[in-house]
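# Fold and geometry: a report
Each chain, letter by letter, is given below.
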Amino acid sequence: MTSIETIIEKLDLQPHPEGGYYKETYRSVETCLDGSRNLQTAIYFLLTSDNVSHFHRIKSDEIWYFHAGSPLIVHTLTDKGHTQHLVGNDLLAGQTPQLLVPKDIIFGSSVLEKDSYSLVSCSVAPGFDFADFELFSKKELMQDYAEFEEIIDLLT
């Protein structure tokens, strides 16, 4: 298995504010009709079992594509509760190699296996803009999702 340090170096990844490492690999030249947003963006995203992607929300759809390492758990919080989505290649274990997180959904992620990593790509349409990025604190999430305190503790 390729080391985490090698992946970070070879893909030129940088720390991401939500946790993990990333590099933007694509930003469309085309923009939305009003010109305010690129149509699509894409990143590499690396998460290790030593860190998590903290609960956050964006104003665009995001599609996750699994590449290598441990399966990833994408956690979502909605009015229906907490759901775990397994992103990986073992279809018989209920994993999917691709996952859509619809716009305005609170989500975060963690690596399924200990002492490992997950390498994925994420594509956002309309394109990602940090102006639309909202990172949540435990206090904010406990107001509406107190029954999920354990996962909120992990991902805030």
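The structure presented is a predicted model; accordingly, all values stated were derived computationally and were not measured.

This model, assessed by the stated rule, comprises five aromatic pairs. Between Phe128 and Phe130 the ring centres are 4.8 Å apart and the planes differ by 85°, which places this aromatic pair in the edge-to-face class. Accessibility expressed as a relative area gives 40% for Phe130, which makes it partly exposed. With a centroid separation of 6.3 Å and an interplanar angle of 70°, the aromatic rings of Phe128 and Phe133 are classed as edge-to-face. Accessibility expressed as a relative area gives 17% for Phe128, which makes it buried. The structure contains a cluster of three or more aromatic residues connected by ring pairs, namely Phe45, Trp64 and Phe107.

Before going further, it helps to spend a moment on the pairing of strand 2 (residues 21–27). Relative to strand 2, strand 1 (residues 14–15) runs antiparallel, the two sharing two bridges. Across the sheet, residue Pro15 finds its bridge partner in strand 2, namely Tyr21. Where strand 1 hands over to strand 2, the hairpin turn is made up of five residues, of which Gly19 adopts a positive phi near 120°. Judged from the six bridges that link them, strand 2 and strand 3 (residues 41–48) form a sheet pairing that is antiparallel. Bridge pairing links Tyr21 to Leu46 in strand 3.

The rules behind each value
- Residues numbered from 1 in each chain as written.
- Predicted model: local features only at pLDDT ≥ 70, side-chain atom pairs only at ≥ 80, totals over all residues.
- Heavy atoms only, no water.
- Phe/Tyr/Trp six-rings, centres within 6.5 Å; stacked < 30°, edge-to-face > 60°.
- Buried < 20%, exposed > 50% of the residue type's maximum accessible area, 1.4 Å probe, protein only.
- Pairing = 2+ DSSP bridges.
- Helix = DSSP H or I, 4+ residues; strand = E, 2+ residues; numbered from the N terminus.

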